[in-house]
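In case you want the letters, here they are:
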Amino acid sequence: MATGTEPPHVNTGVHEATRATIAPGHLRTDRWWLAPALTAAGLLAFIVYSTWRAFANDDYYAAPYVSPFYSPCLAENCEPMRAGPNWEIFGSWWGLSPALLILIFPLGFRLTCYYYRKAYYRGFWASPPACAVAEPHKKYTGETRFPLILQNIHRYFFYAAVPVAGILTYDTVLAFRDENYEWGHMGLGTLVFLVNIVLIWAYTLSCHSCRHIIGGRLRHFSKHPVRYRLWDWVGRLNARHMQLAWASLLSVALADFYVYLVASGVFDDPRLF
């Protein structure tokens, strides 16, 4: 209980003098380092793969499939995709991979995601590395300084992620064509795209910002039954946000890799009907 005689509190981080002092760095005896190590390895693998594919600028379209890393294609140097998301907003002066023009939006959405922040804060920055394990930093400033203060723009990346998911939905619809653009066909790639878009939407709609947009700023849920039901549904998805984050990250990489294998001639897309 405060008595009014305590000295003013000055936060100096995890090594603050008022904290309990123990000789070892922590008292945990389990393999606490395994989870952050696996997280860092998984995220690093995706970073390496997506960077390679983003700069490759090749093997991203095999009719009727287009890699989710390259959709929509916003540059004039895009490979023509019949009825696909070809929008030549950037002219011939753009000589780099067109994937670099679109990946900034889903990448920014994931980088600022509340779950991914926890994942890479622990996995890469050891801030903190695990529960009850002190971080090695002398001072804690949270997300109040550059560059981490930019994490606060997450809600705006959500607004950009929704139309991107919509375009990927359109790509999935186009996947019900064959290589000659005839409708009414389905290949193994169609199933890959279907699984991917379901996970992409589930991850996007389970976002904390989405939950706040739907149910925030309401005084009485009883007066807004539709928004309440949507808020409850998104809340159920939100409880699985971590699992959906990893599942959708894996599915989007697999969808791109599948297109790469077909486009590079490794195998032909098996037709189901």
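An unreviewed UniProt entry lists the protein under the name Succinate dehydrogenase, with Streptomyces peucetius as the source organism.

Visitor: Could you clarify how one ought to interpret helix H8 (residues 225-238) in this entry?
Guide: Helical geometry note: an α-helix holds 3.6 residues per turn, so side chains three or four residues apart project in the same direction. For H8, spanning 14 residues, the distance from its first C-alpha to its last is 19 Å, which sits close to the expected 20 Å at 1.5 Å a residue. Of the positions making up H8, those classed as buried are Val 234, Leu 237 and Asn 238. Down the axis of H8, the smallest arc covering the buried residues is 100°, so these residues share one side. Summarising the geometry of H8, the exposed residues directed more than 90 degrees from the buried face are Arg 229 and Arg 236. Buried positions along H8 lie against helix H6 (188-205), helix H7 (208-215) and helix H9 (241-263).

Visitor: Just checking my understanding: could you explain the nonpolar core for this structure?
Guide: As a rule of thumb, soluble globular proteins bury nonpolar side chains together. Ranked by size, the top nonpolar core spans 48 residues in total, and within it Phe 69, Phe 109, Tyr 116 and Tyr 203 carry the most contacts. No other element matches helix H5 (residues 154-174), which puts 6 residues into this core. Not counting chain neighbours up to four residues away, the residues in contact with Tyr 116 comprise Leu 43, Arg 110, Tyr 121, Tyr 203, Ala 245, Trp 246 and Leu 249. Residues Ala 62, Phe 193, Val 259 and Val 262 belong to the second largest nonpolar core, which totals 7 residues.

Visitor: Help me understand the environment of Glu 135, please; the structure alone is not making it clear to me.
Guide: Here Glu 135 shows up in the loop between helix H4 (114-123) and H5. A relative accessible area of 7% places Glu 135 in the buried class. Residues Glu 135 and Arg 122 lie 13 residues apart in sequence; the distance between their C-alpha atoms is 9.1 Å.

Visitor: Explain the packing of helix H1 (residues 34-56) against H9 here, please?
Guide: Two quantities define a packed helix pair, namely the angle between the helix axes and the distance between the axes. The interhelical angle for the contact between H1 and H9, taken along N-to-C directions, is 30°, at an axis separation of 11 Å. Considering how the two elements wind past one another, H1 and H9 form a crossing that is left-handed. On H9, the residues touching Thr 39, Gly 42, Leu 43, Phe 46, Tyr 49, Trp 52 and Arg 53 of H1 are Trp 246, Leu 249, Val 252, Ala 253, Asp 256, Phe 257 and Tyr 260.

Visitor: Where do I start with the side chain of Arg 117 in this structure?
Guide: With respect to the helices and strands, Arg 117 occurs in helix H4. One polar contact links the side chain of Arg 117 to the main-chain carbonyl oxygen of Thr 112, over a distance of 2.8 Å. Among all residues touching Arg 117, those that are not within four sequence positions of it are Leu 111, Thr 112, Glu 143, Gln 151 and His 154.

Visitor: I would appreciate a short explanation of the pattern of salt bridges in the present structure.
Guide: Should their charged atoms come close, side chains of opposite charge can pair. Evaluated as defined, the whole model comprises 6 salt bridges. Here Glu 179 makes a salt bridge to Arg 271, at a shortest N to O gap of 3.4 Å. With Glu 179 in the loop between H5 and H6 and Arg 271 in the segment after H9, the pair connects residues that are 92 residues apart, well separated along the chain. Its relative accessible area of 31% is what places Arg 271 among the partly exposed residues. Connected via shared salt-bridge partners are Glu 179, Asp 269 and Arg 271.

What counts and how
Along each chain, residue indices are assigned from 1 in the same order as the chain's sequence is written. Under the rules for a predicted model, residues below a pLDDT of 70 receive no local features and side-chain atom pairs below 80 are neither given nor counted, while totals for whole chains, interfaces and linings still include all residues. Calculation of side-chain values draws on the structure's entire complement of heavy atoms; hydrogens and water are dropped beforehand. The secondary structure listing takes helices from DSSP runs of H or I that are at least 4 residues long and strands from runs of E that are at least 2 residues long, numbered from the N terminus. Expected span of a helix: the number of residues minus one, times 1.5 Å. With a 1.4 Å probe rolled over the protein chains alone, any residue whose accessible area is under 20% of its type maximum counts as buried; one over 50% counts as exposed, and the rest are partly exposed. By construction, the arc corresponds to the directions joining the helix axis to the C-beta atoms. When checking whether two residues touch, look at their non-hydrogen atoms; a contact exists if any pair is within 4.5 Å. The set of buried Ala, Val, Leu, Ile, Met, Phe, Trp, Tyr and Cys residues whose side-chain atoms join them within 4.5 Å is what this entry labels a nonpolar core. Axis geometry follows a simple rule: fit a line to the C-alpha atoms, using only the stretch in contact for helices, then measure angles between N-to-C directions, giving values from 0 to 180 degrees. Note on convention: near helix rotated counterclockwise from far helix by under a right angle means a left-handed crossing. Clockwise means right-handed. Any N or O atom pair separated by 3.5 Å or less is treated as a polar contact, with the protein-specific requirement of one donor-capable and one acceptor-capable atom, and with residues adjacent in sequence counted only for side-chain atom pairs. In the sections that follow, a salt bridge refers to a side-chain nitrogen of Lys or Arg positioned within 4 Å of a carboxyl oxygen of Asp or Glu.

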